[in-house]
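# Observations on the model geometry
Spelled out, the chains give:
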Amino acid sequence: MPSSARPGCRIPLPTASGAASVGLYLLLVCLVLALALNGAEAMGYNWQWYRVPEYLFAFTDDGFQWGEIALGLGATLKLSLQSFVLALGLGAVVALLRMSNLVVGNAIALAFLEIVRNLPLLILLYLFYYVLGPIFALDRYAAAVLCLGVYHAALVSEILRAGVGSVDGGQLEAARSVGMSSAQAYRHIVLPQAMKFLLPPMTGEAAHLIKSSAIVSVIAVVEMTTVGRNIIADTYMSFEIWFTIAAVYLLVILVLSLAAARMEQRYATAGRRK
């Protein structure tokens, strides 16, 4: 009679192969497209896919030209990058205040986190544009960058705090015992080890920011979603444009995820060599 499994013993579950995963993904995509096609056919929708490429790129008498959606993608990436840099800086400050022994600093950080995390992003955007904008003379683009940066700083700060906390505190004490300052210990000892814990959630947060940047279209900031809405208003190509924009977002997130996976693998390889 077989012995019972020991406490804590994990039974490996069968996992799908790469080909099966890709096949399942393609099947789901085909099902979604089939539902959309059937719905559009029931509505009597007139498909105009042949017009979509001109909004991505075109060859004119002046040569190669980027289309409106491609230019909108560039604006989205610029907006997202600026917001993410702001989120990293502000998130690092909030994380340091949370980990410090300063009572006032800790209280400020906690108040910031509670307020930002419990406000819907759309409401926060309206506060920055319609309330703080007139007070501090912020245009719509600056309000959008500040709103996204502040909102995601609250999430980034928790990621940074968890990543630093994953490193054994004894190593920080050992670094100080050999004469390193706190800044040197964090730079040379703590952060390099925390990177392998920080990369996956930071990548997810960057992807989240790129997707949430679409919300700034409600205050008419020029980015890919705003461009898509303008094109639809002129052409009534709702299905084609939104499917195309969704595909572009998906492609950008996949490229970002692959780049982060490569960096994570490089850090893991460097760690094994040491």
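So, how was this worked out
- Residues numbered from 1 in each chain as written.
- Predicted model: local features only at pLDDT ≥ 70, side-chain atom pairs only at ≥ 80, totals over all residues.
- Heavy atoms only, no water.
- Helix = DSSP H or I, 4+ residues; strand = E, 2+ residues; numbered from the N terminus.
- Contact = heavy atoms within 4.5 Å.
- Axes fitted to C-alpha atoms, helices over the stretch in contact; angles between N-to-C directions.
- Parallel < 35°, antiparallel > 145°, perpendicular 65-115°, else oblique.
- Left-handed = near helix turned anticlockwise from the far one by under 90°.
- Nonpolar A, V, L, I, M, F, W, Y, C, P; charged D, E, K, R; others polar.
- Phe/Tyr/Trp six-rings, centres within 6.5 Å; stacked < 30°, edge-to-face > 60°.
- Buried < 20%, exposed > 50% of the residue type's maximum accessible area, 1.4 Å probe, protein only.
- pLDDT = per-residue confidence, 0-100.
- Pairing = 2+ DSSP bridges.
- Core = buried A, V, L, I, M, F, W, Y, C linked by side-chain atoms within 4.5 Å.

### Quick word on the side chain of Glu223
With respect to the secondary-structure elements, Glu223 resides in the loop between helix H7 (182-212) and helix H8 (224-235). Among residues more than four places away in sequence, those in contact with Glu223 are Gly72, Ala75, Thr76, Ser213, Ala214, Val216, Ser217 and Tyr249.

### Quick look at the packing of helix H4 (residues 121-136) against helix H5 (residues 140-165)
Running from N to C, H4 and H5 point in directions that differ by 135 degrees, and their axes come no closer than 9 Å. The pairing of H4 with H5 is recorded here as oblique in orientation. Seen from above, H4 lies across H5 with right-handed handedness. Of H5, the residues touching H4 (which contributes Leu121, Leu124, Leu125, Phe128 and Tyr129) are Arg140, Ala143, Ala144, Leu146, Cys147, Leu148, Val150 and Tyr151. The residue inventory of the contact of H4 with H5, partitioned by class, reads 12 nonpolar, no polar and one charged.

### Remarks on the packing of aromatic side chains
This structure, assessed with the given rule, holds nine aromatic pairs. Relative to Trp66, the ring of Phe64 has its centre 5.0 Å away and its plane inclined at 85 degrees; by these criteria the two rings are edge-to-face. You can call Trp66 exposed: its relative accessible area is 56%. Among the aromatic residues, those joined into a ring-pair cluster are Trp47, Trp49, Phe239 and Phe243.

### Brief notes about the confidence of the model for the protein chain
Chain-level pLDDT for the protein chain is 84 on average; 88% of the residues reach the 70-or-more range. Predicted confidence in the protein chain is weakest over helix H6 (residues 169-177), with a mean pLDDT of 70, and strongest over H4, with 95. Across residues 1-9, where pLDDT falls below 50, the model places zero contacts with residues more than four positions away in sequence or in other chains.

### Regarding the pairing of strand S2 (residues 63-66)
Working note: regular strand, side chains alternate between the two faces of the sheet. Pairing of strand S1 (residues 57-60) with S2, which is carried by four bridges, proceeds in the antiparallel orientation. Directly across from Phe59, in S2, lies its bridge partner Phe64. Between S1 and S2, which pair antiparallel one after the other, the connecting turn spans two residues.

### Structural notes on the nonpolar core
Counting residues in hydrophobic clusters, the biggest one holds 37 residues, and the most contacted among them are Phe112, Met202 and Val216. When residues of this core are traced back to their parent elements, those giving at least two are helix H2 (68-99), helix H3 (103-117), H4, H5 and H7. Top contributing element to this core by residue count: H5, with 13 residues. Sequence-distant contacts of Phe112, that is, excluding residues within four places in its chain, are made with Leu90, Val94, Val150, Ala153 and Ala154. One finds Tyr55, Ile232, Ile241 and Val248 within the second-largest nonpolar core, a separate group that totals 19 residues.

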